[in-house]
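Tertiary structure, described
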Amino acid sequence: MMDFRRGRKREDPEINLIPFIDVLLVVLIFLMVSTTYSKFTELQITLPTAEAEKQAQKPFEINVTVDAKGNYTVNNTPVAFTSVAGLAQDMKTAARTPDGQVVASPVVIVNADQFAMHQMVINVLEAARVAGYDKLTFAAQTGTGK
């Protein structure tokens, strides 16, 4: 047999890891010496809170009901409508607590039937203005018709 290879036989390359390990140790020692470590048990975080004022009591309400037949009711007591001033006086009478004290600013709830005439609701609004009540809310009821 003939050997056509030139020169001498090549040896396998040798990888020397000792210089690589020396460099890694130097970097590790540098990091250990130059880094400061501190121990935190926990991070102090102040979370936002929301609080609302609690109402001491439910506001005093005057419930004025208007039906499709033209009847007014103040706090479930039927009232004969003669004038706006008379309705205002009935509302002022209803603004008394059971022990006789007058409530300064009650909430007037206008509870009207859907078939009630608009003028009747306007009469209640005008009576509330005459009585000096500025807190109004409205409720609508479905009626049975005229």
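None of the values given here were measured: they were computed from a predicted structure.

Soluble globular proteins tend to bury their nonpolar side chains together. In terms of nonpolar packing, the biggest core is built from 22 residues, with Leu87, Met91 and Tyr133 touching the most fellow members. Elements that contribute at least two residues to this core include exactly β1 (61-66), β2 (72-74), α2 (84-94), β4 (107-113) and α3 (118-131). Tallying contributions element by element places α3 first for this core, with 6 residues. Beyond its immediate sequence surroundings of up to four residues, tyrosine 133 is in contact with Ile62, Met91, Lys92, Ala95, Ala104, Pro106, Val108 and Ala128.

Under the UniProt annotation, the feature "transmembrane region" (unreviewed entry) is placed at residues 20-38. Note that residues 20-38 is 79% helix and 0% strand, and that its end C-alpha atoms are spaced 31 Å apart.

For the protein chain, per-residue confidence averages 83 on the pLDDT scale, and residues scoring 70 or more make up 86% of the total. Element-level mean pLDDT values for the protein chain span from 80 in strand β5 (residues 135-141) up to 92 in β2.

So, about unusual backbone geometry. Phi angles above zero are rare outside glycine, and asparagine 75 is one such case at about 50°. Among the residues examined, asparagine 75 registers a relative accessible area of 29% and is labelled partly exposed. Despite not being glycine, asparagine 76 has its phi angle at roughly 65°, a positive value. Looking at the element boundaries, asparagine 76 is found in the loop between β2 and β3 (77-79). Take asparagine 76: its relative accessible area is 71%, and that puts it in the exposed class.

Relative to the elements of secondary structure, lysine 92 occurs in helix α2. It is 8.8 Å that separates the C-alpha atoms of lysine 92 and valine 103, two residues lying 11 residues apart in sequence. In this structure, lysine 92 is in contact with Ala131 and Tyr133, ignoring residues within four places of it in sequence.

Here we take up a nonpolar patch on the surface. Together, Ile15, Leu17, Phe20, Ile21, Leu24, Leu25, Leu28, Ile29, Met32, Val33 and Tyr37 make up a nonpolar patch on the protein surface, roughly 1200 Å² of accessible area in all. Assignment of secondary structure puts valine 33 in helix α1 (residues 18-34).

The contact between α2 and α3 brings their axes to 8 Å, and the two run at 65°. Seen along the crossing, α2 lies across α3 with a hand that is right-handed. Contacts from Val84, Leu87, Ala88, Met91 and Lys92 in α2 reach Asn123, Val124, Glu126, Ala127, Ala128, Val130 and Ala131 in α3. Looking at side-chain class alone, the contact of α2 with α3 contains 9 nonpolar, 1 polar and 2 charged residues.

Rules and cut-offs
Residues numbered from 1 in each chain as written. Predicted model: local features only at pLDDT ≥ 70, side-chain atom pairs only at ≥ 80, totals over all residues. Heavy atoms only, no water. Core = buried A, V, L, I, M, F, W, Y, C linked by side-chain atoms within 4.5 Å. Buried < 20%, exposed > 50% of the residue type's maximum accessible area, 1.4 Å probe, protein only. Helix = DSSP H or I, 4+ residues; strand = E, 2+ residues; numbered from the N terminus. Contact = heavy atoms within 4.5 Å. UniProt positions renumbered as here; feature names shortened; annotations may be inferred. pLDDT = per-residue confidence, 0-100. Patch = residues over 30% accessible without salt bridge, like charges linked within 9 Å, V, L, I, M, F, W, Y side chains within 5 Å. Areas by Shrake-Rupley, 256 points an atom, 1.4 Å probe, with all protein chains shown as cover. Salt bridge = Lys/Arg side-chain N within 4 Å of Asp/Glu carboxyl O. Axes fitted to C-alpha atoms, helices over the stretch in contact; angles between N-to-C directions. Left-handed = near helix turned anticlockwise from the far one by under 90°. Nonpolar A, V, L, I, M, F, W, Y, C, P; charged D, E, K, R; others polar.

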